[in-house]
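# A structural walkthrough
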Amino acid sequence: MFDGYDSCSEDTSSSSSSEESEEEVAPLPSNLPIIKNNGQVYTYPDGKSGMATCEMCGMVGVRDAFYSKTKRFCSVSCSRSYSSNSKKASILARLQVTGKPPTKKAKVLQKQPLVAKLAAYAQYQATLQNQAKTKAAVSMEGFSWGNYINSNSFIAAPVTCFKHAPMGTCWGDISENVRVEVPNTDCSLPTKVFWIAGIVKLAGYNALLRYEGFENDSGLDFWCNICGSDIHPVGWCAASGKPLVPPRTIQHKYTNWKAFLVKRLTGAKTLPPDFSQKVSESMQYPFKPCMRVEVVDKRHLCRTRVAVVESVIGGRLRLVYEESEDRTDDFWCHMHSPLIHHIGWSRSIGHRFKRSDITKKQDGHFDTPPHLFAKVKEVDQSGEWFKEGMKLEAIDPLNLSTICVATIRKVLADGFLMIGIDGSEAADGSDWFCYHATSPSIFPVGFCEINMIELTPPRGYTKLPFKWFDYLRETGSIAAPVKLFNKDVPNHGFRVGMKLEAVDLMEPRLICVATVTRIIHRLLRIHFDGWEEEYDQWVDCESPDLYPVGWCQLTGYQLQPPASQSSRENQSASSKQKKKAKSQQYKGHKKMTTLQLKEELLDGEDYNFLQGASDQESNGSANFYIKQEP
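Residues numbered from 1 in each chain as written. Predicted model: local features only at pLDDT ≥ 70, side-chain atom pairs only at ≥ 80, totals over all residues. Heavy atoms only, no water.

### Observations regarding unusual backbone geometry
For residues that are not glycine, phi is negative in most cases, and the peptide bond is trans in most cases. Counted only if it meets this: Each helix corresponds to a stretch of at least 4 residues labelled H or I by DSSP, and each strand to a stretch of at least 2 residues labelled E; elements are numbered beginning at the N terminus. Partly exposed residues are those whose accessible area sits between 20% and 50% of the maximum for their type, while under 20% is buried and over 50% is exposed, using a 1.4 Å probe and protein chains only.
Geometrically, the link from Leu 464 to Pro 465 is a cis peptide bond, its omega value of 0 degrees lying close to zero. Topologically, Pro 465 is positioned in the loop between strand S23 (455–456) and helix H10 (468–475). Even without a glycine there, the phi angle at Met 452 is positive, about 55 degrees. One can find Met 452 in the loop between helix H9 (447–450) and S23. Taking the relative accessible area as the measure of exposure, Met 452 reaches 70% and is therefore exposed. The phi dihedral of His 521 is positive, around 60 degrees, even though this residue is not glycine. With a relative accessible area of 27%, His 521 lands in the partly exposed category.

### Some points on the confidence of the model for the protein chain
Keep this limit in mind: On a range of 0 to 100, pLDDT expresses the predictor's confidence in each residue. Contacts: residue pairs with any heavy atoms within 4.5 Å of one another.
Averaged over every residue, the pLDDT of the protein chain is 77; the share at 70 or more is 68%. Below a pLDDT of 50 lies the segment residues 124–139, which in the model reaches 37 contacts outside its immediate sequence neighbourhood of four places, other chains included.

### Some remarks on the sheet that holds strand S7 (residues 194–203)
Heads up, the condition is: Pairing between strands is defined by DSSP: at least two bridges between them are needed. Axis definition: a line fitted to C-alpha atoms, over the contacting stretch in the case of helices. Angles run 0 to 180 degrees between N-to-C directions.
Pairing is antiparallel in the open sheet, where five strands are placed in the order S9-S8-S7-S6-S10. With one partner strand each, in any of the chains shown, strand S9 (222–225) and strand S10 (232–233) form the two edges of the open sheet. Where helix H6 (residues 257–265) meets the sheet, it contacts strand S6 (179–183) and S7, and its direction lies at approximately 30 degrees from that of S7.

### Let's talk about helix H4 (residues 145–152)
This is how it is decided: This arc is built from the directions going out from the helix axis to the C-beta atoms.
Among the residues of H4, Trp 145, Gly 146, Tyr 148 and Ile 149 are the ones counted as buried. When H4 is viewed along its axis, its buried side chains cluster within an angular range of 165 degrees and face the same direction. Across H4 from its buried face, at more than 90 degrees, point the exposed residues Asn 147 and Ser 151. Count one or two residues on from H4 and you reach Ser 153, which has phi positive near 55 degrees.

### Topic: the environment of Asp 274
Here Asp 274 shows up in the loop between H6 and helix H7 (275–282). Expressed as a C-alpha distance, the spacing of Asp 274 and His 232, which sit 42 residues apart in the sequence, is 9.6 Å.

### Thoughts on the packing of aromatic side chains
As a reminder, the rule being used: Stacked, edge-to-face and tilted are the three classes for Phe, Tyr and Trp ring pairs, Trp counted by its six-membered ring, which pair at centre distances within 6.5 Å; planes under 30 degrees apart are stacked, over 60 edge-to-face, the rest tilted. Look at NZ for Lys and CZ for Arg. If either is within 6 Å of the ring centre and within 35 degrees of the ring normal, a charge sits over the ring.
With the rule as written, the count across this model stands at 29 aromatic pairs. Taking the centre distance of 5.2 Å and the plane angle of 80 degrees together, the rings of Trp 257 and Phe 260 count as edge-to-face. Here Trp 257 and its partner Phe 260 are both found in helix H6, three residues apart, which amounts to about one turn of the helix. Connected via pairs of aromatic rings, a cluster forms that spans Phe 143, Trp 145, Tyr 148 and Phe 154. In this structure, Arg 305 is placed above the aromatic ring of Tyr 321, and the distance from its NZ or CZ to the ring centre is 3.9 Å. Over the ring of Phe 154 we find Lys 499; its NZ or CZ atom is 4.0 Å from the centre of that ring.

### Focus on the environment of Leu 301
Among the structural elements, Leu 301 can be located in strand S12 (residues 300–313). Taking the C-alpha atoms as reference, Leu 301 lies 9.7 Å from Arg 352; in sequence the two are 51 residues apart.

### Regarding the state of the cysteines
Quick reminder of the rule: The disulfide definition used here is simple: a pair of cysteine sulfur atoms within 2.5 Å.
Across all of its chains, the model carries zero disulfides by this definition. Looking at the unpaired Cys 448, the closest cysteine sulfur is the one in Cys 404, lying at 8.7 Å. With no disulfide partner, Cys 541 has as its closest neighbouring cysteine sulfur the one in Cys 161, 8.9 Å distant. According to the relative accessible area criterion, Cys 541 is buried, its value standing at 3%.

### A closer look at H6
To keep things clear, this is the line we draw: Any pair of N or O atoms that falls within 3.5 Å is considered a polar contact. Within protein, one atom must be able to donate a hydrogen and the other to accept it, and sequence-neighbouring residues count only if both atoms are side-chain atoms.
Among all positions of H6, only Trp 257, Phe 260, Leu 261 and Leu 265 are buried. An end-on view of H6 places all buried positions within 110 degrees of arc, on one side of the element. In this fold, the buried residues of H6 make contact with S6 and S7. Taking the backbone nitrogen of Lys 258 as reference, a side-chain oxygen 3.3 Å away marks Asn 256 as the first, capping residue of H6.

### Structural notes on the pairing of strand S24 (residues 498–503)
Taken residue by residue, a regular strand's side chains alternate between the two faces of the sheet. Of all six residues in S24, six are buried, a share of seventy percent or more. Every second residue of S24 is oriented toward a common face, with Met 498, Leu 500 and Ala 502 on one face and Lys 499, Glu 501 and Val 503 on the other, all of them buried. In this structure, strand S5 (residues 155–156) lies alongside S24, joined through two bridges in parallel fashion. Its bridge partner lying in S24, Ile 155 is registered against Met 498. With five bridges joining them, S24 and strand S25 (residues 511–520) adopt antiparallel strand pairing.

### Section: the side chain of Arg 179
Its location among the elements puts Arg 179 in strand S6. Its relative accessible area of 13% is what places Arg 179 among the buried residues. A polar contact is formed between the side chain of Arg 179 and the side chain of Glu 212, at a distance of 2.5 Å.

Right under this line is the structure:
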């Protein structure tokens, strides 16, 4: 083991923004045609001169067909782009020019005459591809997981909590005091040499290491990813012919370093000899570019579309909708996500499906084998089962921080359910969404009350505080039986206060620094560090959208730092504006209107089969222990 001993002595984009114009658009006659997204011409249906202009792309359209309560954006895409890119870029550019933070009334786009706005929309369509390529996430400059954890005495969730992550099922007993061989950076030799170090603290994949011989001296302690290519079990140097050289700072402490190592390492633990091989194997993913899948339509959750795998990073897939000619209309999710399915899944269970304009497969594209997708738990629907009209509580997929009063609108095949949020449903069911009966995102009546979670009542319901017993009597409804919900609770290992890396499911291309703030059986409340609590998300403990600390570094994915550290120079101004922008983003994630659905039906692209739906959040089973009302 010691034959190797040798006694020789490491942005965001910015763009300029014009000053605000005070020119307002005059009200238009009710018979004036309004240009819509699909290029067709429509007239405002009720004769009012209600119109709106998208603050992202400048498109003019019917106000009631616009996105969000404030009707500021024409689509969820513009809402997201505005909040995560354009507004931030404009703010930074204005800061560079004036040196002063923008006022609360600062806007990204000028208020322009109608003709100018239509021209802006045409230009936007022509430059959409280039705009998408220049989108940039928040810079990681200045953020270090190690410093963040050390300076605040944080604790990270262990790798074993994440079964879908690399090494999640074969992490073993890697813990503090485990010894490894690592490069010696405290050395003046021209060649790369190694020394032995012990794990002082473990945070996900990251380990705080201390060279052997430093005892209680933390002066040269350093953080590294334990799954990195330069981390080896003790004995690797001897087997590989690499020299072990003590750090220069302590080289004078002992004359016989070989004897020192023998004494220190006798009985000590190290990594398994095949550790690096296991890491490599656990990072092999069956999904490959050019595979075709069916995935939820990010703009209309009630249906699926065909998409093609563009890239695979750490098991996360960048899917491009098949009819996207410029390859910018994409969607991010994990390969185990319940949002993706094999080709033909929608037809087989009766899910609404948007037919692609592509009549045949493009060269090189092929259907993904069905066995690669996550399997849902089999259920028996022959006996007592969910019925249409039954009430329950469900996480709103368009506002993941809330659990709402909901209704089963349709019972589908293979245990899938179509669910609507009470008080905010479209008459045609265009805003229904799909959960599996075993989904961790649905709960029986009374779940929130028993677990002291705020339940969001139906919109417009005035009899507050909300009481289920009264509501069921007023609506003539019954509650879904408790026994139909899945009560399994895995020993997940999460604890309140643990740090992790989590997907912002309202902007799924982003993975952020996050904290577990509440645990209700298997349900986790995830808080994004630096953001207000209104942006928290309820997530299942087995969700593939949660990752250990260091996952982004290991896979090469970009991590979003806490909002308060995204820009030290403009912390007081930029951080506040970014939070405001994200607030608009969340307000923008609302249900599409009946008018929008009718426009799409004109294209004949929607097909509603006899039965079926997709599981939006089925990462496990819902969990509760409650008593039913009499």
